[in-house]
Amino acid sequence: GAVQEVIHNVITNSVGKVPFWFRLVNILLHWGGSVWLFELMTVLTTSSLALAIAVIFAVHPLATEAVTWISGMPYTLYAFGCFLSLFLFIRNRGGKEKIVGLIAYSAIILDSQLAVAFPLVLAYFLLINKQFRLRFKEWFAYLTVASVKIMWQLGQLGERITAVQASTGQPFRVIDPLRQVPVAIANYLSLTFWPQALTLYHTELSFSHGAYLATLGVTLGILILTIYLIKKAPVVSFGSGLFVISLLPALTPFGVSWIVAERYAYFSFSGIIIACVLLADKLLVRAPKWLKVGLLALVILLLGARTVMRNADWKNQDSLWVATAKYSPSSAQNHNNLGDM
């Protein structure tokens, strides 16, 4: 992407091709995105809940691929820009903040195809809060930026399909969305709640008929719950809606992207964290404070420990390919990588 290329050129020209500095930028972007998520949630809920949401996002192992992998910078840029734009849009103080938010979004969309769904996230927030007509012009500016990117992507689709065919040796095929969407959403939810089977190549996606029906049921369940909570718990509904909506660009049926890739969920899984923390707070409303703090500390400790372990997998290509083989034994790409190693 354009922004990533500028950053990489600055680092290369300043200190050379030293991996530490490239990774440091990713870490700072991840930290900045977590800060903007905290600021966003302070507008929508209490500061203590906002802090819990931001810290869980910051330490969650599902973010490791986007943050630790130098090539994951477009995803950390994407999340940083979207959290900033979302915060400024929802706080709605007008004037310069509107311009800054739109500029931030315009910059990160150069690097990220996933960012084209961001206007839909804004639209969902406005619809929940019955502000769509009132703020239509402001929202339309974001839609215009996204539309330009979408048209450019459609123009590059043929070239992208050819490149994928050349790299995989597989003929072009349209993926059945009735299979792709439930499988993807169910897997991302599973990796958010139980981030054990983290891998660079998610290839073990063949299911029995019963298992497929389970993924379909999970997908329908989260959609129904999102709609049901619009009036009862609008911020919870917004969180789960953000999760589904921001994944849409990765669920195209053209076979030009992975069905499941952890980096695709880097921004979107924050929505599940938002929904779960707020629902847990409602369920534990009468629980003593020490219990709430203890449970949060336990969650952060477990997620942080798994992140440390996952970072060890990313230490070098030898450890990464061995770790990938553990959860992706059928991956042709990883067999090739293991052979090279």
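Just so we're clear, the structure is a prediction, and the values are computed from it rather than from any experiment.

What follows covers the packing of helix 15 (residues 317-327) against helix 16 (residues 332-340). Axis separation between helix 15 and helix 16 bottoms out at 9 Å; the angle between their running directions is 145°. Our pair here, helix 15 against helix 16, has a crossing hand that is left-handed. Seen from helix 15, the contacting residues are W321, V322, T324 and A325; seen from helix 16, they are N334, N337 and L338. Tallied by class, the residues present in the contact of helix 15 with helix 16 amount to 4 nonpolar, 3 polar and no charged.

Let's shift gears to the pattern of salt bridges. It is possible for side chains bearing opposite charge to pair when their charged atoms get close. Enumeration according to the criterion identifies 6 salt bridges in this entry. D281 is paired through a salt bridge with K292; the nearest N and O atoms lie 3.8 Å apart. Residue D281 is located in helix 13 (residues 269-283), and its partner K292 is located in helix 14 (residues 289-313); the two are separated by 11 residues in the primary sequence. For D281, a relative accessible area of 27% puts it in the partly exposed group.

Turning next to the nonpolar core. Counting residues in each nonpolar core, the largest one holds 80 residues, and the members touching the most others are L37, L86, Y105, Y188, F238, F243 and Y266. Tallying contributions element by element places helix 5 (residues 73-91) first for this core, with 11 residues. Counting residues in hydrophobic clusters, the runner-up holds 6 residues, among them I11, F22, L29 and L77.

On to the confidence of the model for the protein chain. Considering every residue of the protein chain, the mean pLDDT works out to 93; 96% of them sit at 70 or more. Ranking the helices and strands of the protein chain by mean pLDDT puts helix 3 (residues 47-59) first, with 98, and helix 9 (residues 157-168) last, with 67.

This next bit is on the side chain of D111. Relative to the assigned elements, D111 resides in the loop between helix 6 (96-108) and helix 7 (118-128). No salt bridge forms around the buried D111; measuring N to O, its nearest opposite-charge neighbour K149 is 7.4 Å away. Only 2.9 Å separates the side chain of D111 from the backbone nitrogen of V3, close enough to count as a polar contact. The residues touching D111, leaving out its near neighbours within four places in the chain, are G1, A2, V3, Q4, P74 and L77.

Look at helix 13: 21 Å from first C-alpha to last across 15 residues, which is about the 21 Å you get at 1.5 Å a residue. Those residues of helix 13 that fall on the buried side of the exposure criterion are F269, S270, G271, I272, I273, I274, A275, V277 and L278. Close packing links the buried residues of helix 13 with helix 2 (19-44), helix 3, helix 5, helix 10 (177-193), helix 11 (209-232) and helix 12 (234-247).

Moving on, we get to the packing of aromatic side chains. Taken as a whole and judged by the stated rule, the model has 20 aromatic pairs. Judged by centre distance (5.5 Å) and plane angle (45°), the rings of F57 and Y266 are tilted. In this pair, F57 is assigned in helix 3 and Y266 in the loop between helix 12 and helix 13, connecting sequence segments 209 residues apart. Using a relative accessible area of 0% as the deciding quantity, one classes F57 as buried. The exposure class assigned to Y266 is buried, which follows from its relative accessible area of 0%. Centroid distance F132 to W139: 5.0 Å. Interplanar angle 55°. Geometry classified as tilted. The class for W139 is buried, based on a relative accessible area of 8%. Taken together, F57, Y78, F83, Y266, F267 and F269 form an aromatic cluster joined through their ring pairs. The side chain of R135 reaches across the aromatic face of F89, ending 4.0 Å from its centre.

What counts as what
- Residues numbered from 1 in each chain as written.
- Predicted model: local features only at pLDDT ≥ 70, side-chain atom pairs only at ≥ 80, totals over all residues.
- Heavy atoms only, no water.
- Axes fitted to C-alpha atoms, helices over the stretch in contact; angles between N-to-C directions.
- Helix = DSSP H or I, 4+ residues; strand = E, 2+ residues; numbered from the N terminus.
- Left-handed = near helix turned anticlockwise from the far one by under 90°.
- Contact = heavy atoms within 4.5 Å.
- Nonpolar A, V, L, I, M, F, W, Y, C, P; charged D, E, K, R; others polar.
- Salt bridge = Lys/Arg side-chain N within 4 Å of Asp/Glu carboxyl O.
- Buried < 20%, exposed > 50% of the residue type's maximum accessible area, 1.4 Å probe, protein only.
- Core = buried A, V, L, I, M, F, W, Y, C linked by side-chain atoms within 4.5 Å.
- pLDDT = per-residue confidence, 0-100.
- Lys, Arg positive; Asp, Glu negative; His and termini not counted.
- Polar contact = N/O pair within 3.5 Å; in protein donor to acceptor, adjacent residues only side chain to side chain.
- Expected span 1.5 Å × (residues − 1).
- Phe/Tyr/Trp six-rings, centres within 6.5 Å; stacked < 30°, edge-to-face > 60°.
- Lys NZ or Arg CZ within 6 Å of the ring centre and 35° of its normal.

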